[in-house]
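Examining the three-dimensional arrangement
Listed below are the residues making up each chain.
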Amino acid sequence: MEALGVPFAYTGAQAFILGIYCLAAWKAGWTYAPKNVSLWAMISENYEASSENTTNDERAKEESVDKCNVESRDSLRDSEVGVVTKLVEPLSLSK
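Turning next to the overall build of the protein chain. When helices and strands are tallied, the protein chain shows three helices and zero strands. Each helix and strand of the protein chain, ordered N terminal to C terminal, gives the series α-α-α. Counting only residues that meet the buried cut, the protein chain has 5% of its 95 residues in that class. With the model as given, the accessible surface of the protein chain reaches about 8,800 Å², and the carbon-plus-sulfur share is 63%.

Moving on, we come to a nonpolar patch on the surface. A cluster of nonpolar side chains, contributed by F16, I17, I20, L23, L39 and I43, occupies part of the molecular surface with about 610 Å² of accessible area. Contributing elements (two or more residues each) for the nonpolar patch: helix 1 (2-28) and helix 2 (39-44). Of all the elements, helix 1 adds the most residues to the nonpolar patch, at four residues. Locating I17 in the fold gives a position in helix 1.

Another aspect to go through is the environment of S38. Considering the arrangement of structural elements, one finds S38 in the loop between helix 1 and helix 2. On the accessibility criterion, S38 (44% relative accessible area) is partly exposed. Within the structure, S38 has its side chain in polar contact with the backbone nitrogen of A41 (distance 3.2 Å).

With 53% of its residues at a pLDDT of 70 or more, the protein chain has an overall mean of 76. Confidence scores differ between elements of the protein chain, with helix 3 (residues 56-88) showing the lowest mean pLDDT of 59 and helix 1 the highest of 94.

Between the first and last C-alpha of helix 1 there are 39 Å, a value that for 27 residues agrees with the 39 Å anticipated at 1.5 Å per step. Two residues or fewer past helix 1, G29 is found with a positive phi of approximately 85 degrees.

This paragraph deals with the environment of N46. For N46, the location among the structural elements is in the loop between helix 2 and helix 3. Residue N46 is classed as exposed on the basis of its relative accessible area, which comes to 61%. The spacing of N46 and Y32 is 14 residues in sequence and 9.3 Å in space, taken between C-alpha atoms. Of the polar contacts made by the side chain of N46, one reaches the backbone nitrogen of E48; its length is 2.9 Å.

Conventions adopted
- Residues numbered from 1 in each chain as written.
- Predicted model: local features only at pLDDT ≥ 70, side-chain atom pairs only at ≥ 80, totals over all residues.
- Heavy atoms only, no water.
- Helix = DSSP H or I, 4+ residues; strand = E, 2+ residues; numbered from the N terminus.
- Buried < 20%, exposed > 50% of the residue type's maximum accessible area, 1.4 Å probe, protein only.
- Areas by Shrake-Rupley, 256 points an atom, 1.4 Å probe, with all protein chains shown as cover.
- Patch = residues over 30% accessible without salt bridge, like charges linked within 9 Å, V, L, I, M, F, W, Y side chains within 5 Å.
- Salt bridge = Lys/Arg side-chain N within 4 Å of Asp/Glu carboxyl O.
- Polar contact = N/O pair within 3.5 Å; in protein donor to acceptor, adjacent residues only side chain to side chain.
- pLDDT = per-residue confidence, 0-100.
- Expected span 1.5 Å × (residues − 1).

Set out below in structure tokens:
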């Protein structure tokens, strides 16, 4: 029965340490939330980075990454079609 308590103990310790780390990061100014607001305001308000706050350089990076993802996905589809065609051709029946 003692073995059942081990995962709960580690989970509790992890939650406690992560909570302390998050509070320290907030107070150190490593988050978007201002460090001079109350704990309740920090938890209840939305301090998420919005697209209005991004710079043109960041937008250009995001667009270039999206373009690369589309191109690689399309080239992957073409190569998959080639592989399937090579596999099916020997199986086709000739008249």
